[in-house]
Each structure stands twice: as structure tokens, then as C-alpha cells.
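Each chain, letter by letter, is given below.
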Amino acid sequence: MSDAFEVKSDPGLWEKLGMDVERFSGMPPMLTNAYRNIFLSQKNRPERMAYFDDMVANIHTGRIQEICDAKEGGKPVIGTFCVYVPEELVVAAGGICIGLCGGAQGSIGDAEKILPRNICPMVKSAFGFKVGKICPYFQVVDLVYGETTCDAKKKTWELLDRYVPTHVMEIPQMKRERDKRLWMEEVKDFKVAVDRITGNETDFEAVAGGIRTINAKRAALQRLNALRHHNPSPISGRDMLIIQQIAFYDEPVRFTEKVHELCDELEKRVQDGVAIAPKETPRILVSGTPMALPNWKLHYIIESAGAVVVNEESCIGTRYYKDLIDEGSADLDQQVERLTERYMKIDCSCFTPNDDRIDQVIREFEASGAEGVIDYCLQFCHTYNIEAVKLREACEARGIPFMAIETDYSPDDVGQLQTRVEAFIEQIKG
Ligand code: BJ8
């Protein structure tokens, strides 16, 4: 399988999208190599990972073509950078929601020609993808929806708007009643903006459909995450990570079906005692900032050091799917209200206070059978970095081994991280 795997190219399609084709042509071979080394080299992977491997192979071709076809059919295509943007409303309008956060080092240089260097790599990577014309997803969206979660993002949107129409939602920073009211108005405005693209107002039935579709997707991911919590784990952390990353660009109904098929296989593996690593393998919960595609750095380091990642408390992880929306609304107003309530449960560190997140990490630590917490913070993300202080205190008070790391996308600190992670795993082994 490993040698047969190839990330596909389609220069004709990329040309039509206005990309820098010559430069982008180097990307599929690089991704092919990385994917073979990091994912396909694993022994005893679940067979149903084949679908997700295929999604990676088609990341710059087949899936892009599907999105182009939908767009030609008048469906809105909206790019987002945060799990606060309510994708239910995009799906309700028949549209497609694509996560555009950047996880690659290759676009950072493009961004740094314009943006300051000392800001979050996720923001720089995404911005660089657009200005360098090296991301087909950025090229295909009708518009992007940013938010005011952190300073790096909210100020970058002002510049991004020069390259692609950029709307901004105001995310409150506290969770009082008045903040919830503000957020509800933002959700309503978002619905209007999406509907404006189609020219039709989405009604109660359509919104109910959007909520059902995305609830089903989140429920499938919950089922999958619960299955990997078995000890020994039937699936590796890096395979879980790639699935959670694909959740941000795949078609949601098909994705849900494929996640359930994988879950069926994992259930069988659990019954038969088939695992990705032996029972005594140290189990790590990773918490913190999201890991956008193709950021696999920390998972690869942890699992290469002989541990297994059993949970991601992250927006590309449980923060994305832990909460569903009540489907029993009587009318559109109630739907919007319930949608708003669900989104206000997201415990991003941009909020103050945000103690719910600390409690959530502890709950997930217990549910996953983890033996240590590695808190992952992208460089210059002040809110997660400072919140790590409280998380450390909560872990230490319970005798939970804890390590905080701050890193970016460059390979420069890999050796140092390997040494630290190996020492942490030794500590867990006692
Ligand atoms: S809800 S975590 S997706 S904001 S890591 S860009 S915060 S400096 S990504 Fe996030 Fe929404 Fe919160 Fe989730 Fe800024 Fe921090 Fe960078 Fe971040």
C-alpha cells in the first residue's frame, strides 16, 4: 500500500483556480513522502483507514473538483478558521464549509513578507497560503469567515480581506448573559450572509437538516473517540488526528458514514484484542491549540518514542465534537437559540474565565485512560500559554504527570522535543 499511495496532481484544475502552479507542483510529492513515512509505515492499521488515506490522496484534486462542481451548481463555499463558525447554517443553505487553518511551514515565508514574524504560526501559515496562491481550498471559496478570538487572527483578517472577501464574527470574550445575546446576533448575521450567496432564505426545515447532518458527524466522531479509549487502543493517535483533520474538508454525510464503518471495524478489533500497540504502552492525552493539516509533528514524536496518543482536547479534537445541538426546536428562533447555546459551550482559552476547559481536560483524561497530559501550545498563542499554568496546577493537584510544550511548524526543535517527550514517557513508566 505504502508505495502505491500518491497524493494526486491536477495542474489544469489548479491553473483554473488561479494558483501558482509551478510552485504548488512540488507539494504533492512532499506530502506523499511525509504521509508514507508517518502514516503508512505503521504496522497493523485498521483496514478502513483506506478511505481516509484516499481523502489525503485526493486532497488537491478529487475533493477540489467536487467543491468546484457544487459551486457551479450555486452552492455557497465558505472558508473558516475557527470551530465557532456555525457550519450547520452553511449546510442548511446547501453549501460547503471548509476549515482553512494552516498547518504547514512552507507558506510561513510568504506570510512573513507582510505580517510580523512573532505571531502564531497557524495564522501565518493560512495567510501565506492565500498570498502565495498555494492552496486550492483558499482559491475556491466564495468568502471566508474570520472571528475575533485572538489578536493575531482579528488583525490579520483586515489584511486578508485584500485577497479574498473576509467577513468577521465578533466572538465575545466572556460568557455572561449579555455576551450570549451579542453572540446570538452574530449567529443571525452569519445566517443572513450565507443566505445572501444563495439568494434564498433558509427556513426551519433546512436548518433542522443542517443541524441533523452536523450532529450526526459529531456523534460519529464521539463514537470513534470512545472506541480508541480502550486499552489497548485499536487505532493510533496519528490516525485519529488525520481523521479529525479530514473532518474539516470532507463532505459531512459521506464522512459520517465512513467514520461509522471504521468504528464497526474497531469494535471488532476490541473484541478480538487486536491493537495498534501493546496494553502496557504509555497513554498520552494531548491538550491545547489545534493541529491543522499537515501538522503531525507532536503526534509523530510521541508515538515514535513508544507511547500512544489516546485523546486530543483540541479544536481538531474533542472541542469540535463534544457538544451536540438539541434537535427538538419548535421554530427557527428556537433553533438559532439552541445553536447559540451549543457554540457558547466551546471552551476556547480566548474566554475569561475559562475554568470549564480545565475540568474538561480532567474529565477526558479520566475517560481516555491516559497516563499523562502533554499541553501543546503554538508559539505566540498567549491565551493557551497562560492557561497552561492553571492546567498544570490542576494536573499536579491530582498527581497527573504533566508537560507543557511551546512550538511552531519548523523542524528546528524536533531533536529537543524528542528528548523531552522521551523523558516524560520514562517518568510515566516510573
Ligand atoms: S475556538 S482554539 S479554533 S480560536 S493558536 S490562532 S487562538 S494564537 S486557533 Fe482556535 Fe477557535 Fe479558539 Fe479553537 Fe490564535 Fe492561539 Fe494561534 Fe489559535
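Look up: the structure comes first, before these words.
Predicted, not measured: the structure shown is a model, and the values here were computed from it.

A. Looking closely at helix 13 (residues 237-246). A large share of helix 13 lies buried, amounting to 10 of its 10 residues. Turning to helix 13, its buried residues number three or more, namely G237, R238, D239, M240, L241, I242, I243, Q244, Q245 and I246.

B. Region of interest: the packing of aromatic side chains. Tallied over the full model, the rule gives 15 aromatic pairs. Here the aromatic rings of F81 and F138 are separated by 6.0 Å at their centres, their planes lie at 45°, and the arrangement is tilted. Here F81, found in the loop between strand 1 (77-80) and helix 6 (87-92), pairs with F138, found in helix 9 (residues 136-140); they are 57 residues apart in sequence, far enough to count as distant. As far as burial versus exposure is concerned, F81 and F138 are alike and both buried. Between Y84 and F351, the ring centres sit 5.8 Å apart and the planes meet at 35°, which makes this aromatic pair tilted.

C. A look at the site of the ligand. Neighbouring the ligand are 17 residues; C82, C150, C315, C348 and C381 lie closest to it. Residues belonging to the shell around the ligand are distributed by class as follows: 13 nonpolar, 2 polar and 2 charged.

D. Structural context of the sheet that holds strand 2 (residues 96-99). Read across the open sheet, the 4 strands follow the order 2-1-3-4; overall the sheet is parallel. Looking at which strands have only one partner, the edges of the open sheet turn out to be strand 2 and strand 4 (166-169). Each neighbouring strand pair of the sheet contributes to a mean axis angle of 30°, computed without reference to strand direction. Where strand 3 (residues 143-147) lies against strand 4, 4 bridges are found, and the strand directions are parallel. When the sheet's bridge partners are listed, Y145 is paired in strand 4 with H167. Sitting on the sheet, helix 10 (residues 151-160) is in contact with strand 3 and strand 4, with an inclination near 155° to strand 3. Strands strand 1, strand 3 and strand 4 of the sheet are contacted by helix 11 (residues 177-198), whose axis makes an angle of about 155° with strand 4.

Conventions adopted
- Residues numbered from 1 in each chain as written.
- Predicted model: local features only at pLDDT ≥ 70, side-chain atom pairs only at ≥ 80, totals over all residues.
- Heavy atoms only, no water.
- Buried < 20%, exposed > 50% of the residue type's maximum accessible area, 1.4 Å probe, protein only.
- Helix = DSSP H or I, 4+ residues; strand = E, 2+ residues; numbered from the N terminus.
- Phe/Tyr/Trp six-rings, centres within 6.5 Å; stacked < 30°, edge-to-face > 60°.
- Near = heavy atom within 4 Å.
- Nonpolar A, V, L, I, M, F, W, Y, C, P; charged D, E, K, R; others polar.
- Pairing = 2+ DSSP bridges.
- Axes fitted to C-alpha atoms, helices over the stretch in contact; angles between N-to-C directions.
- Contact = heavy atoms within 4.5 Å.

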